[in-house]
Amino acid sequence: MIEERFDAIVVGAGMAGNAAALTMAKRGMKVLQLERGEYPGSKNVQGAILYADMMEELVQDFREEAPLERHLIEQRFWMMDDRSHVGMHYRSEDFNEERPNRYTIIRAQFDKWFSSKVREAGAIVLCETTVTELAQDDRKRIVGVRTDRRDGEIHADVVVLAEGVSGLLGTRAGLRARPTPDNVALAVKEMHFLPRETIEARFNLKGDEGVVIEAAGTISRGMTGMGFIYANKECISLGIGCLVADFQRTGQTPYGLLEQFKRHPSVAPLIAGSEVKEYAAHLIPEGGYKSIPQLYGEGWVVVGDAAQLNNAIHREGSNLALTSGRIAAEAIALVKSRGESMSATNLSVYKKMLDDSFVIKDLKKYKDMPPLMHTHSKNFFLTYPQLISKAMQNFVRVDGTPKVEKERASLKSFVKARSWSGLVGDACRFARAWR
């Protein structure tokens, strides 16, 4: 057993774990961070979006040294059927600002750099160390962790669980229920490497400008899910994810959806001639506000994906992880500064602080959207994309048919597929959930 006692142990070195460890170390706390990978980010080939405002609160000058890919100047949304897409996009020169708002990153590189800042702040980071269980005293209070190292048990005043969406330590210790299949998505992603100039030509970019494409429709075969394409400097991150419950129900496979997505006529030209060097699968929390578990207890707090903090509607995860990790650390530091114990009563300040942040306010706004999308997935991800695509083709195709007849045909197809009551009901349900 390691005899040294720590103020806090952080389990996990992803976005939330690094944010928590860095914040506490900067406040002079004795912090131990444990990561089972060879190095932070070694298990994560994910390409992702970094939100600058949240990162700047942790490392103000991160732009000068962090391994960033491209700053985003354009966002595209595609509604797809099998042969076409109806799209909208927003592109602004305002995003070519001195301090850009969003960046694409490659997590394996970024997490490693982020961890170096944690070490510089004074925290001890141990990699290739698996936490096997949480250590509890006779009163069921968390007092530390047990690892697969020979040293065994390590004690601390508080444990920060930043272990990811599966949250095995928390469920084994009875701190929370295991996430259900309808609250978790399984996403698969490939990294397609191309010359930098080819990527810039295909996406209409220059310099370090970047673009993100988010896609929904028949690509998920009626399941609740989305596809995504991120333009990096010398590679393209491309992937798709759906609810685990839907994979179980339909028998579809993630890699099967990915292959179909890659072959879509709107996608294939973007990755033509690329070399695939990396493939990964990872779980993403998708349950939203109603799936958030207990966030604190006797000697512990939970942050990031382990706390189901992901805004599926806006595809925001890393900023919620960064913010929850930072806020949890600030709450712990506050309790310590008061000379109080890390009891559930005292740690409840973490939830109060999180409730006052954009994290919970945003998730609460969309609290009814995840169940709506899951319950009516066939309508929103299959029927409507097909109807919208057909209506748009009728609108733009010139074949001698009077426009009034085309409009009637398009309207008739919507009513036939959903009925008037169904259309009105879907619109009302979506409006209520969005509000």
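Residues numbered from 1 in each chain as written. Predicted model: local features only at pLDDT ≥ 70, side-chain atom pairs only at ≥ 80, totals over all residues. Heavy atoms only, no water.

1. Considerations on helix 13 (residues 377-396)
Every α-helix winds through 3.6 residues per turn, so residues three or four apart in the chain are directed the same way. The end-to-end C-alpha distance of helix 13, which contains 20 residues, comes to 28 Å, matching closely the 28 Å that a straight helix rising 1.5 Å per residue would cover. Largest kink in helix 13: about 35°, centred on tyrosine 384, with the proline proline 385 one to four residues after it. The complete set of buried residues in helix 13 reads Ser377, Asn379, Phe380, Phe381, Thr383, Tyr384, Pro385, Leu387, Ser389 and Asn394. (Helix = DSSP H or I, 4+ residues; strand = E, 2+ residues; numbered from the N terminus. Expected span 1.5 Å × (residues − 1). Bend = angle between axes of the 7 residues up to and from the residue. Buried < 20%, exposed > 50% of the residue type's maximum accessible area, 1.4 Å probe, protein only.)

2. Focus on the side chain of asparagine 379
Position of asparagine 379 among the secondary structure elements: in helix 13. In this structure asparagine 379 comes out as buried when scored by relative accessible area, which is 13%. Setting aside anything within four residues of it in sequence, one finds asparagine 379 in contact with Tyr384, Pro385, Arg418 and Asp426. (Contact = heavy atoms within 4.5 Å.)

3. Details of the environment of valine 145
With respect to the helices and strands, valine 145 occurs in strand 9 (residues 142-147). Since its relative accessible area comes to 0%, valine 145 is described here as buried. Between the C-alpha atom of valine 145 and that of glutamine 109, which follows or precedes it by 36 residues, the distance is 28 Å. Ignoring sequence-local partners within four residues, the contact set of valine 145 consists of Ile9, Val11, Leu34, Val131, Glu133, Leu134, Ala135, Gly152, Glu153, Ile154 and Val159.

4. Re helix 11 (residues 358-365)
All of the buried residues in helix 11 are Val359, Ile360 and Leu363. Down the axis, helix 11 shows its buried residues gathered within 85° of arc, on one side only. Where the residues of helix 11 are buried, they touch helix 9 (318-337) and helix 10 (344-355). (Arc of directions from axis to C-beta.)

5. A word on a nonpolar patch on the surface
Where nonpolar side chains cluster on the molecular surface, the patch consists of Met392, Phe395 and Val396 and spans about 340 Å² of accessible area. Position of methionine 392 relative to the elements: it lies in helix 13. Methionine 392 sits in the partly exposed class, given a relative accessible area of 37%. (Patch = residues over 30% accessible without salt bridge, like charges linked within 9 Å, V, L, I, M, F, W, Y side chains within 5 Å. Areas by Shrake-Rupley, 256 points an atom, 1.4 Å probe, with all protein chains shown as cover. Salt bridge = Lys/Arg side-chain N within 4 Å of Asp/Glu carboxyl O.)

6. A word on the UniProt feature "domain: FixC-like C-terminal" (unreviewed entry) in the protein chain
Per the UniProt record, the feature "domain: FixC-like C-terminal" (unreviewed entry) sits at residues 369-435. Overall, residues 369-435 shows 88% helix and 0% strand. The separation of its end C-alpha atoms is 9 Å. (UniProt positions renumbered as here; feature names shortened; annotations may be inferred.)

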